[in-house]
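Architecture and fold: a report
Listed below, chain by chain, are the residues.
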Amino acid sequence: MTTEKKTFDTKTIALGAILTAIVIVLQYLGSFIHLGPFSISLVLLPIVIGAAMCGKAISTWLGFVFGVVVLISGDAAAFLSVNAIGTVITVLAKGMLAGLVAGIVYGLLSKFNRYVAVVVAAIACPIVNTGIFLIACRVFFFETITEWAAGMDVVKFMFVGLVGLNFLVELAINVVLSPTIVKIINIFKKN
């Protein structure tokens, strides 16, 4: 399979559907694992797999599905009550852009080395996901977050209190499991 497709073949559609189901299940399971105020995003791995196996269109789709499940599951409830439109934009944009960037990174680097491409895509995915969240916190929710910080430096609170531990765990999971993703890709490529 190539990372860039002009049309979707049966294998790509089937794998995209399987990864979509995995994203839904992992997001619901992940919603029970909280470090700080938010749950861990376990879905970034299938998004990276989608980027590597199916290309940026599928990985962007998987990021969209991730966002929809976050909205439906109630994971974004604290922000929905503050600014519903800002929350929907944030949640969908961070998932879709994380998938798109992972797809672009993999597509560019896989021409040289698939292992490096997967590792860099697995690093880029949580960085984009968390980065978009932090930008949106500043744009849509800063007043509320200032209240939540209760006298702390607000930017420090955003980086340490809101995303710090979650981001590190998500990044570690992606980097540690990247070799597994490479093995999956190599198995599929051989078949």
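Starting from 1, residues in each chain are numbered consecutively following that chain's sequence as written. In view of the model being predicted, local features appear only for residues whose pLDDT reaches at least 70, and side-chain atom pairs are presented and counted only at 80 or more, with totals across whole chains, interfaces and linings using the full set of residues. By convention in this description, side-chain values take in all heavy atoms of the structure and omit both hydrogens and water.

**Some remarks on the confidence of the model for the protein chain**
Parts of the prediction with low pLDDT should not have their coordinates interpreted in detail. Definition in use: pLDDT measures the predictor's confidence residue by residue and takes values from 0 up to 100. Think of it this way: any DSSP run of H or I at least four residues long counts as a helix, any run of E at least two long counts as a strand, and we number them from the N terminus.
Chain-level statistics for the protein chain give a pLDDT mean of 86 and a share of 91% at 70 or above. Per-element confidence in the protein chain is highest for helix H5 (residues 84–109), whose mean pLDDT is 96, and lowest for strand S1 (residues 34–35), whose mean pLDDT is 62.

**Observations regarding the packing of helix H2 (residues 44–54) against helix H8 (residues 154–190)**
Where we set the bar: Angular values range over 0 to 180 degrees, each being the angle between N-to-C directions of two axes fitted as lines to C-alpha atoms, with helices fitted over their stretch in contact. Handedness of a crossing follows from how the near helix is turned relative to the far one, being left-handed for an anticlockwise turn of less than a right angle and right-handed for a clockwise one. Any two residues whose heavy atoms approach within 4.5 Å are treated as being in contact. Gly falls in the polar group here, along with every residue not listed as nonpolar (Ala, Val, Leu, Ile, Met, Phe, Trp, Tyr, Cys, Pro) or charged (Asp, Glu, Lys, Arg).
Axis separation between H2 and H8 bottoms out at 9 Å; the angle between their running directions is 35°. The two elements H2 and H8 meet at a crossing, and its hand is right-handed. The residues of H8 that touch H2, namely those facing Leu 44, Leu 45, Val 48, Ile 49, Ala 52 and Met 53, are Glu 170, Ile 173, Asn 174, Leu 177, Ile 181, Ile 184, Ile 185 and Phe 188. Class assignment of the residues belonging to the contact of H2 with H8 gives a composition of twelve nonpolar, one polar and one charged.

**Focus: the packing of H2 against helix H3 (residues 56–73)**
Heads up, the rule is: Small angles under 35 degrees read as roughly parallel and large ones over 145 as roughly antiparallel, with 65 to 115 read as roughly perpendicular and the rest as oblique.
In the contact formed by H2 and H3, the axes pass within 7 Å of each other and the chain directions differ by 160°. Of the possible angle classes, the one that applies to H2 and H3 is roughly antiparallel. For the pair H2 and H3, the sense of crossing is right-handed. Together, Leu 44, Pro 46, Ile 47, Gly 50, Ala 51 and Cys 54 of H2 and Ile 58, Ser 59, Leu 62, Gly 63 and Phe 66 of H3 make up the contact between the two elements.

**Describing a nonpolar patch on the surface**
Note the following rule: Patch membership requires over 30% relative accessible area and the absence of a salt bridge. Like charges are linked within 9 Å, and nonpolar side chains (Val, Leu, Ile, Met, Phe, Trp, Tyr) within 5 Å. Here, Shrake-Rupley sampling with a 1.4 Å probe gives the accessible areas, and only protein chains in the shown set may cover a residue. Salt bridge, as used here, is a side-chain nitrogen of Lys or Arg placed within 4 Å of a carboxyl oxygen of Asp or Glu.
Where nonpolar side chains cluster on the molecular surface, the patch consists of Ile 24, Tyr 28 and Ile 72 and spans about 270 Å² of accessible area. Position of Tyr 28 relative to the elements: it lies in helix H1 (residues 10–30).

**Re H3**
Test applied: A helix is expected to span 1.5 Å multiplied by its residue count minus one. A 1.4 Å probe rolled over the protein chains alone gives each residue an accessible area, and that area as a share of the maximum for its type sets the label: buried under 20%, exposed over 50%, partly exposed in between.
Under the 1.5 Å per step criterion, the end-to-end length of H3 is 25 Å for 18 residues, consistent within 8% with the ideal 26 Å. Every buried residue of H3 is accounted for by Ile 58, Ser 59, Thr 60, Leu 62, Gly 63, Val 65, Phe 66, Gly 67, Val 69 and Val 70. Just beyond H3, the residue with positive phi is Gly 74, at close to 90°.

**Quick look at helix H7 (residues 142–149)**
Along an α-helix, residues three or four apart share an orientation, since each turn contains 3.6 residues. Short version of the rule: This arc is taken over the directions from the axis of the helix to the C-beta atoms.
Among all positions in H7, only Thr 144, Ile 145 and Ala 149 are buried. Take H7 and look down its axis: the buried residues cluster within an arc of 145°, on one side only. Exposed residues lying more than 90 degrees from the buried face of H7 are Glu 143 and Glu 147. Close packing links the buried residues of H7 with helix H4 (77–80), helix H6 (114–140) and H8. Positive phi shows up at Ala 150, right after H7, with a value of about 45°.

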